[in-house]
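Survey of secondary and tertiary structure
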Amino acid sequence: MVFVCLCYFRFVVAFKHEDKTSADSSAASDSTTATNCVKESPAINIRSHEFSLVVPDHLKYNQPHLTEDSRTDVMTVTPWLAPVVWEGTFNQDVLDSIYKPKNISIAATVFAVGKYTMFLKNFLETAEQHFFVGFRVHMHVFTDQPNEVPKVKMAAGRQVMVHKVPSLNRWQEISARRMKQIQDLIEEKLRGNTDYIFCLDVDSKFHGRWGTESLGGLVAVVHPGYYRDDRSRFPYERRPQSRAYVAPGEGDFYYCGGAYGGLLQEVHQLTKTCNLNFEADAKDGIEAAWQEESHLNRYMWINKPSKVLSPEYLWQDFKPKNPEIHLLRFSGVIKNYADIRPNV
Ligand SMILES: CC(=O)N[C@H]1[C@@H](OP(=O)(O)OP(=O)(O)OC[C@H]2O[C@@H](n3ccc(=O)[nH]c3=O)[C@H](O)[C@@H]2O)O[C@H](CO)[C@H](O)[C@@H]1O
Ligand SMILES: [Mn+2]
């Protein structure tokens, strides 16, 4: 660890020095810097994708202007300085050229228990069209009926992995138990081979790009149903006996249980904590108003997300599109709850 830090420090110093000595930085001084670092620390493999934003030299794109903002109708940065991602706030070519050479791998989890297997085909097919296209993606499908998982043609470097889970007879349990199963997946299968993970509702479809702009340490999506409301109207858990309790006058946004993600270790911490709190509540005979979504909201109040995705990243088909939504990326389909859930 110390070794890595030293190398990193050296790298920064080298670049600073280069800035000072030559405004027109040459390829030769670049390669000297790189070679020095590699020579002195040959065994180091840096897998931290958050902190090094390296673009290929000579990438041409529009100049960013500090006195101009591409979006003036919406919040683009939170009070704790996390970006809020909206169409128009980022340059996808710059972002892709940063993450492409890192060869990152992305996992997504999706649960289809009971009749929810009917959503898989559309979910998986549209993910192929819009979700991290051109990147390595593993779609982890959790289901009680592996035979019902449709065969979807996947591009190179992308695949579906099926995990069998028990069927449960309350939708609340099916939804909430996802946290534990995601925690286990990370511990047992993903550690060491996956960089980022996104956890998504299956009753939804992709309509537009969802890509590298969404990457971050801890990533939350603002719920489409409440983002124009005063926080007093957010459906947080309001009973102080629950570990998901959020007090009046507190809370930043109301986040979705249907989409969240980030670096593997961050999502591990989130799912582990929410599951522990959900279980402890259950022992006390209490289930939060919106199950794991309530626990997630409590968690995100204390552990601020480092990137916030706008409701473009989880809309609902039944909601008319508001003017601030310039691009709809992912949206919940209209469903008849009584027909598809095991209980009402
Ligand atoms: C868009 C969004 O933020 N949705 C959240 C919301 O309700 P939703 O109405 O979106 O919940 P839902 O019925 O979609 O259930 C959540 C997910 O659980 C799975 N499932 C559920 C029932 C079932 O019989 N089989 C099955 O597989 C499936 O992956 C589904 O997408 O509140 C829930 C609280 O519990 C979850 O936090 C959802 O993520
Ligand atoms: Mn849903």
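The rules behind each value
Residues numbered from 1 in each chain as written. Chains lettered and ligands numbered in written order. Predicted model: local features only at pLDDT ≥ 70, side-chain atom pairs only at ≥ 80, totals over all residues. Heavy atoms only, no water. UniProt positions renumbered as here; feature names shortened; annotations may be inferred. Helix = DSSP H or I, 4+ residues; strand = E, 2+ residues; numbered from the N terminus. Contact = heavy atoms within 4.5 Å. Pairing = 2+ DSSP bridges. Axes fitted to C-alpha atoms, helices over the stretch in contact; angles between N-to-C directions. Buried < 20%, exposed > 50% of the residue type's maximum accessible area, 1.4 Å probe, protein only. Right-handed = clockwise from strand over helix to strand, strands pointing away. Polar contact = N/O pair within 3.5 Å; in protein donor to acceptor, adjacent residues only side chain to side chain. Near = heavy atom within 4 Å. Salt bridge = Lys/Arg side-chain N within 4 Å of Asp/Glu carboxyl O. pLDDT = per-residue confidence, 0-100.

As named in an unreviewed UniProt entry, the protein chain is Globoside alpha-1,3-N-acetylgalactosaminyltransferase 1-like isoform X1, taken from Lates japonicus. The annotation that UniProt attaches to the protein chain under Sequence similarities (unreviewed entry) is "Belongs to the glycosyltransferase 6 family." As stated in UniProt under Subcellular location (unreviewed entry), the record for the protein chain gives "Membrane".

Before going further, it helps to examine the UniProt feature "active site" (unreviewed entry) in the protein chain. Per the UniProt record, the feature "active site" (unreviewed entry) sits at E293. Assignment of secondary structure puts E293 in helix α8 (residues 291-302). Leaving out residues up to four positions away in the same chain, E293 has contacts with H223, Y254, Y255, C256, G257 and G258.

Quick look at the sheet that holds strand β8 (residues 255-263) now. Strands sit in the order β1-β9-β7-β8-β5-β2-β3-β4 across an open sheet of eight strands; the sheet is mixed. Each edge of the sheet is formed by a strand with only one pairing partner; in this case those strands are β1 (84-85) and β4 (158-164). The sheet contacts of helix α7 (residues 264-283) involve β5 (196-200), β7 (218-222) and β8, and relative to β8 the element is tilted by about 140°.

Let us now look at the pairing of strand β2 (residues 105-112). By the criterion of burial, β2 is predominantly enclosed, with eight of the eight residues buried. A crossover connection joins β2 to the parallel strand β3 (residues 136-143) through helix α4 (residues 120-130); in handedness this β-α-β unit is right-handed. As judged from the five bridges shared by β2 and β5, these two strands associate in the parallel manner. Residue pairing across strands places T109 opposite C199, the latter belonging to β5.

It is worth spelling out the side chain of E312 at this point. As for its placement among the helices and strands, E312 is situated in the loop between β9 (307-309) and β10 (315-316). One polar contact links the side chain of E312 to the main-chain amide nitrogen of E87, over a distance of 2.7 Å. Look past the residues within four positions of E312 in its chain and what remains in contact with it is R71, V85, W86, E87, I325, H326, L327, L328, R329 and F330.

The environment of ligand 1 is made up of 23 residues, and the closest members are F111, V113, Y116, Q291 and E292. Here an oxygen atom of ligand 1 and a side-chain polar atom of E293 are 3.2 Å apart. At 3.5 Å, a side-chain N or O of K335 approaches an oxygen atom of ligand 1. Residue assignment for the shell around ligand 1 shows that the elements contributing at least two residues are β2, α5 (171-176), β8 and α8.

Ordered in space as β6-β11-β10, the three strands form an open sheet in which the pairing is mixed. At either margin of the open sheet sits one strand with a lone partner, and together these are β6 (204-206) and β10. Sheet topology note: the β6/strand β11 (residues 330-332) ladder contains three bridges and is antiparallel. Bridge pairing in β11 places F206 opposite F330. Packed on one face of the sheet, α4 meets β6 and β11 and runs near 20° to β6.

Further remarks concern the pattern of salt bridges. The tally for this structure, following the rule as stated, stands at 22 salt bridges. Note that R158 is salt-bridged to E128, the shortest N-O span being 2.6 Å. A residue pair is termed long-range when its members are at least 10 positions apart, and R158 in strand β4 and E128 in helix α4 qualify at 30 residues. Neither R158 nor E128 differs from the other in exposure class; each is buried. The shortest N-O distance in the salt bridge between R239 and E237 comes to 2.7 Å. With relative accessibility at 35%, the residue R239 sits in the partly exposed group. By sharing partners, the salt bridges in this structure join E87, D96, R209, E213, E312 and R329 into a single network.

In regions of low pLDDT, the predicted coordinates are not meant to be interpreted in detail. With 85% of its residues at a pLDDT of at least 70, the protein chain reaches an overall mean of 88. Looking at the elements of the protein chain, mean pLDDT is at its lowest for helix α1 (residues 2-21), recorded as 35, and at its highest for β9, recorded as 99. Across residues 1-38, where pLDDT falls below 50, the model places 17 contacts with residues more than four positions away in sequence or in other chains.

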